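Descriptive structure summary
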Amino acid sequence: MTDRSAGRGRSREPLSRAALCAIWATLAIFLALLALMATRVASGEDPALRARAAATPLPPRRVLVRRIYERRVIVHLPPDAPPQPAQASQQVSASGGYASSLPVTRTS
Amino acid sequence: MSPLYDTSFRSMGSDVRLMIGTPLLPTLAPPEAAAARERGYVEDFARRLSRFRSDSELGALNADPAYEVRASLLLRTAVAAGVWAAERSCGLVDPTLVDEVEAIGYESSQDGCTPAPLTVALAAAPARRPARPCSEERWRQIEIDHERGVVRRPPGLRIDTGGTGKGLAADAVAHRLRGYTRFVVDCGGDIAVGGVGCELEPIAIEVEHPLTGECVHTLRLAGGGVATSGLNVRIWKRSDGTFAHHLIDPSSGEPVWSGLIGATALAPSALEAETLAKLALLTGPEGARRALADHGGVVVHDDGDVELIGPVHADGDLAARGLGSAA
């Protein structure tokens, strides 16, 4: 009992002048830093956003014009050979598996 | 990133490829089972909507002499997609050109046939000019009544859903696969992409040159659709020595020679991408620049030159930057 009441009594003691000074100084520094950062963010100088802002402008759009020359493959078939299937059907595999090639958009 | 299960098969006169990631919920089927299920869906879709089969639902609709015909949800949706494409393209992608397509020799499926050489056809083709819509606008006479489950059109007005069928099928399968991390549904080059995984790491899709078969550009898709339309596959020589292909100028009923041999379009859906790709090819270089300005695309001119349009950047090979490893 005695120890508990003594502890309560200590907690009610007013803070010392040094402790008060430390608290006020910490608070003042915090508010000063907060104001500084708010000013920088408001003026668009947020260092966290600077890198993204620099990356945002897209490069001017370029139109790529490539000339592609046709490659002809001439196949001589015997007169009684059956007609060749369409090129697209030769590229299909009926069995399933895990993807190893990119999808292709083409005329069908 | 987990690998995508990948399977290919032949349907709708084209190569169909399904790439499916892992399920988001444990109750969903594994990708292998989902791929088998969706293959069945695509094959059923093709069988019921084929213009070349008299026993298909579309064939029955076209042969029915009544003004109002009962139609399944799938058929109504396919017809509605065709009408939507006509509206979207100001009448250029017209689903009512069956008579014209048959008149130039496209009466049966050309699956498995060797196409005529495109360069020879181009050399013999008439002066280039963009297609124009048919003044009759027969597609406006089609009504779809989902409440009563019927399609109405003047008897004898035949409908071809083939111009939008692959894009619609890709979108439908993509919708059915929305519970998976990533998926790519490729119905003959008309591709739908989706899943949260694609948003985090977009899928790279190569654009094939219609003359050389080489990859001319790599697109990066986080979702939506991409489609290609070209003259190099369904092209044949007629008995009079002239060449024909399947893309018809609605104003003349003849194949269009617009100055372009291939067009690839990006759009929020594969159906819209397919419509825009056809619209670009039908309207030639100037029209293509307008049609593809919003979502972007790639066109190939008669001489083989490749042009990127809209928000598609020629900033190098995406696969080289590591996107290819996602697939």
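Keep in mind that what you see is a predicted model, and the values were worked out from it rather than measured. (Residues numbered from 1 in each chain as written. Chains lettered and ligands numbered in written order. Predicted model: local features only at pLDDT ≥ 70, side-chain atom pairs only at ≥ 80, totals over all residues. Heavy atoms only, no water.)

Turning our attention to the pairing of strand β10 (residues 224-230) of chain B. All names here are of chain B. By the criterion of burial, β10 is predominantly enclosed, with seven of the seven residues buried. Burial along β10 is two-sided: Gly224, Val226, Thr228 and Gly230 facing one way and Gly225, Ala227 and Ser229 facing the other are all buried. Here three bridges tie strand β7 (residues 190-194) to β10, and the two strands are oriented antiparallel to one another. Note on β10: the bridge partner recorded for Ala192 is Gly225. In this structure, β10 lies alongside strand β15 (residues 260-267), joined through six bridges in antiparallel fashion. Bridging from a neighbouring strand, Val226 pairs with Leu266 of β15. (Buried < 20%, exposed > 50% of the residue type's maximum accessible area, 1.4 Å probe, protein only. Helix = DSSP H or I, 4+ residues; strand = E, 2+ residues; numbered from the N terminus. Pairing = 2+ DSSP bridges.)

A few words on the sheet that holds strand β9 (residues 215-221) of chain B. Ordered in space as β2(A)-β8(B)-β9(B), the three strands form an open sheet in which the pairing is mixed. Either end of the sheet is taken by a strand with one partner, and the two such strands are β2 (104-105) of chain A together with β9 of chain B. Here β2 of chain A runs beside strand β8 (residues 203-208) of chain B; their pairing, made up of two bridges, is parallel. The residue of β8 of chain B that forms the bridge with Val104 of chain A is Glu206 of chain B.

Residue and element names in this part refer to chain B. Relative to the 22 Å expected for 16 residues at 1.5 Å per residue, helix α3 (residues 73-88) spans 22 Å between its end C-alpha atoms, a close match to the ideal helical length. Taken as a whole, α3 has its buried residues at Leu74, Leu75, Arg76, Ala78, Val79, Ala81, Gly82, Val83, Ala85 and Ala86. Taken together, the buried residues of α3 touch α1 (31-49), α2 (57-63), β4 (143-145), β5 (150-152), α6 (162-176) and α8 (270-291). Directly after α3, the chain includes Cys90, whose backbone phi takes a positive value near 55 degrees. (Expected span 1.5 Å × (residues − 1). Contact = heavy atoms within 4.5 Å.)

Taken as a whole and judged by the stated rule, the model has one cavity of 30 Å³ or more. Computed from the structure, the largest cavity encloses a volume of approximately 40 Å³. Thr107 of chain A together with Val207, Glu208, Pro210, Thr228, Ser229, Gly262, Ala263, Thr264, Val298 and Val300 of chain B together form the lining of the largest cavity. Broken down by secondary-structure element, the contributors of at least two residues to the lining of the largest cavity are β8, β10, β15 and β16 (297-301) of chain B. A total of three residues in the lining of the largest cavity trace back to one element, the largest contributor, which is β15 of chain B. For the lining of the largest cavity, the class distribution of residues is five nonpolar, five polar and one charged. (1 Å grid on protein atoms, 1.4 Å probe; cavity = no way out; pocket = protein on both sides within 12 Å on 5 of 7 lines; lining within 4 Å. Points joined across faces, edges and corners; volume = space filled by probe spheres on them. Nonpolar A, V, L, I, M, F, W, Y, C, P; charged D, E, K, R; others polar.)

Another aspect to go through is the nonpolar core. All names here are of chain B. If you look at the biggest cluster of nonpolar residues, it comprises 53 residues, and the most contacted ones within it are Val193 and Trp257. A per-element tally of this core places α8 first, with nine residues. With residues up to four places along the chain from it excluded, the contact list for Trp257 reads Ala121, Leu122, Ala125, Pro126, Ala127, Arg128, Arg129, Leu231, Ile235, Phe243 and His245. Formed by 39 residues, the second largest nonpolar core is a distinct cluster that contains Tyr5, Phe45, Leu49 and Leu168. (Core = buried A, V, L, I, M, F, W, Y, C linked by side-chain atoms within 4.5 Å.)

Residues and elements named next belong to chain B. The three strands lie next to each other as β3-β5-β4, forming an open sheet whose pairing is antiparallel. A strand with exactly one partner marks an edge of an open sheet, and here the two such strands are β3 (68-70) and β4. Strand-to-strand twist in this sheet, taken as the mean axis angle between neighbours without regard to direction, amounts to 20 degrees. Judged from the three bridges that link them, β3 and β5 form a sheet pairing that is antiparallel. Counted as the bridge partner of Glu68 is Arg152 from β5. (Axes fitted to C-alpha atoms, helices over the stretch in contact; angles between N-to-C directions.)

A word on the packing of α3 of chain B against α8 of chain B. Residue and element names in this part refer to chain B. Orientation of α3 relative to α8, taken along the N-to-C sense of each, is 50 degrees, at an axis distance of 10 Å. As judged from the angle between their axes, α3 and α8 are oblique. α3 and α8 meet at a crossing whose hand is right-handed. In this structure, α3 contributes Ala81, Trp84, Ala85 and Arg88 to the contact, and α8 contributes Leu271, Glu272, Thr275 and Leu276. Considering only residue class, the contact of α3 with α8 consists of five nonpolar, one polar and two charged. (Parallel < 35°, antiparallel > 145°, perpendicular 65-115°, else oblique. Left-handed = near helix turned anticlockwise from the far one by under 90°.)

Another aspect to go through is the environment of Asn62 of chain B. Residues and elements named next belong to chain B. Relative to the helices and strands, Asn62 resides in helix α2. Given the relative accessible area of 14%, Asn62 is considered buried. The spatial distance from the C-alpha of Asn62 to the C-alpha of Val98 is 9.9 Å, given a sequence separation of 36 residues. Excluding its chain neighbours within four sequence positions, the residues that come into contact with Asn62 are Arg153, Leu157, Arg158 and Ile159.

We now examine the side chain of His245 of chain B. Residues and elements named next belong to chain B. Relative to the assigned elements, His245 resides in strand β12 (residues 243-245). Here the side chain of His245 touches Leu247 through a polar contact of 3.1 Å, landing on its backbone nitrogen. Among the polar contacts listed, one links the side chain of His245 to the backbone oxygen of Val256, at a separation of 2.7 Å. Residues within four places of His245 in sequence aside, it is in contact with Ile104, Leu231, Arg234, Ile235, Trp236, Pro255, Val256 and Trp257. (Polar contact = N/O pair within 3.5 Å; in protein donor to acceptor, adjacent residues only side chain to side chain.)

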